[in-house]
Amino acid sequence: MEPLAQKQIRCLTGDRPTGPLHLGHYVGSLKRRLELQNSGAEVFVIIADFQVITDRTDTSRLEENVFDVLLDYLAVGIDPKKTTIFLQSRVPELAELTVYFSNLVTLPQIERNPTVKEELRSAKMKEMTLGLFSYPVSQAADILLFRPDVVPVGEDQLPHIELTREIAARFNVAYGEVFPLPKPELSTTPRLLGLDAGKKMSKSLGNTINLSDSREDILKKIKTAMTDSGREITYDPVTKPALSNLLTIFSVVTGGRRLDSIARDFAGKGYAEFKTALGEAVDAFIAPLRERRAAFAGDRATLVRILREGTYRAREEGMKTMRLVRRANHFEYPGIF
Ligand code: TRP
């Protein structure tokens, strides 16, 4: 007899290919993806290229950005033999599912989405396009096409997962149980601030440490990173937000070393000494990534194969779900199509 197989956990998450991924991405989502991958979960990672055009029209670097994100994934240790990495725009089933979902969502449901509001505020466009307004519906399709159990994301994505669950529930009530209600999974590390310690670490704010940064960049960025007044190295996010953020970064790049233990190492020492050590620690974390990245970067054929095969696998999975969907909502047209 076959041994009773334990049900494999399935997870889906992804990124917009708009530029290099940074430590904030690592902490917020990449790290958890790796853990899930390495614990035997079934992981799908979407490179959400359609989402790029929700807040810009310039796509001249799209392909380059897609390959950069792919390289970032491979650099941190995402293994395409275990994890399916795929390109959103090449999975037409996503578009089809979006059509069905669009009719299950009301305008107020989207209007109250704080992430969409924030994006409209920070986007260069003055008016809301239909695409920006409705991308959460398309993102719900990104997720539900794969019927995952969990979606590891950063905090800003929570409203989207909530909407995804509402859509899944509505579909199930209207047509029968097809979709699980996927659970968001937040990182246990607090969100990283940027090196300016003002807002979150974010590409658009230019305050990031990128996973692809050179040693020189890293040392320079840390050296000029914002600190607080005073000179003691202590963790206190209220009175010393900038330094506390640097301590958190120290912890992240040293595999989760305790903040108090790191601070203790620098008792009686000043910011300069701390920053030198932090620069080295960050570089030590990035160095192996840099090596893996370089190995893949020189092998375009392999990158192409990874993206193609992942997308092919994603489509197979998507077609399975679409068969269930069309059967449930009577768009199957048996005997005809
Ligand atoms: N909106 C996500 C971001 O900006 C990217 C994304 C697209 C995504 N589709 C997804 C994340 C599905 C999780 C699941 O980072």
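Structure shown above.
Summarised in this report is the structure supplied together with it. (Residues numbered from 1 in each chain as written. Predicted model: local features only at pLDDT ≥ 70, side-chain atom pairs only at ≥ 80, totals over all residues. Heavy atoms only, no water.)

1. Here we look at the overall build of the protein chain
Helix and strand counts for the protein chain come out as twelve helices and five strands. Its C-alpha atoms give the protein chain a radius of gyration of 22 Å, within 12% of the compact-globule value 20 Å for 337 residues. Summarising its shape, the C-alpha atoms of the protein chain cover approximately 80 × 50 × 45 Å along the three principal directions. Counting only carbon and sulfur atoms, one obtains 55% of the accessible surface of the protein chain, whose full area is about 17,300 Å². Here the protein chain contributes 47 positively and 44 negatively charged side chains, and the mean placements of these two sets differ by 1 Å. (Helix = DSSP H or I, 4+ residues; strand = E, 2+ residues; numbered from the N terminus. Rg over C-alpha atoms; globule rule 2.2 N^0.38 Å. Areas by Shrake-Rupley, 256 points an atom, 1.4 Å probe, with all protein chains shown as cover. Lys, Arg positive; Asp, Glu negative; His and termini not counted. Charge placed at Lys NZ, Arg CZ, Asp CG, Glu CD.)

2. So, the side chain of Arg10
Residue position: Arg10 is located in strand β1 (residues 10-15). Classification of Arg10 by relative accessible area gives buried; the value is 12%. At a separation of 3.1 Å, a polar atom in the side chain of Arg10 contacts the side chain of Glu42. (Buried < 20%, exposed > 50% of the residue type's maximum accessible area, 1.4 Å probe, protein only. Polar contact = N/O pair within 3.5 Å; in protein donor to acceptor, adjacent residues only side chain to side chain.)

3. A look at the pairing of strand β4 (residues 150-153)
Side-chain alternation along β4 places Val150 and Pro152 on one buried face and Val151 and Val153 on a second face that is also buried. Alignment of β4 against strand β5 (residues 183-186), held across four bridges, turns out to be parallel. Counterpart to Val150 in the pairing with β5 is Lys183. (Pairing = 2+ DSSP bridges.)

4. Observations concerning the site of the ligand
In the region of the ligand, 13 residues are neighbours, and Arg16, Gln51, Gln139, Asp142 and Gln157 sit closest. In the environment of the ligand, a nitrogen atom lies 2.9 Å from a nitrogen or oxygen atom belonging to the side chain of Gln51. Gln139 has a polar side-chain atom sitting 2.9 Å from a nitrogen atom of the ligand. For the shell around the ligand, the elements supplying multiple residues, two or more each, are β1 and α6 (130-144). Residue composition of the shell around the ligand, grouped by class: five nonpolar, five polar and three charged. (Near = heavy atom within 4 Å. Nonpolar A, V, L, I, M, F, W, Y, C, P; charged D, E, K, R; others polar.)

5. Overview of a nonpolar patch on the surface
Nonpolar side chains collect at one region of the surface, where Phe331, Tyr333, Ile336 and Phe337 lie side by side and expose about 520 Å² of accessible area between them. Position of Phe337 relative to the elements: it lies in the segment after α12 (300-328). Taking relative accessible area as the criterion, Phe337 reaches 80% and is therefore assigned exposed. (Patch = residues over 30% accessible without salt bridge, like charges linked within 9 Å, V, L, I, M, F, W, Y side chains within 5 Å. Salt bridge = Lys/Arg side-chain N within 4 Å of Asp/Glu carboxyl O.)

6. Looking at the packing of aromatic side chains
Scanning the model with the defined rule gives twelve aromatic pairs in all. Between the aromatic rings of Phe266 and Phe274, the centroid separation amounts to 5.2 Å while the plane-to-plane angle is 85°, which identifies the pairing as edge-to-face. Since its relative accessible area comes to 9%, Phe266 is described here as buried. Given a relative accessible area of 0%, Phe274 falls into the buried group. (Phe/Tyr/Trp six-rings, centres within 6.5 Å; stacked < 30°, edge-to-face > 60°.)

7. Focus: helix α3 (residues 92-102)
Of all the residues in α3, the buried ones are Glu93, Leu94, Leu97, Thr98, Tyr100 and Phe101. Buried residues of α3, seen end-on, are gathered within an arc of 165° and therefore sit on one face of the element. (Arc of directions from axis to C-beta.)

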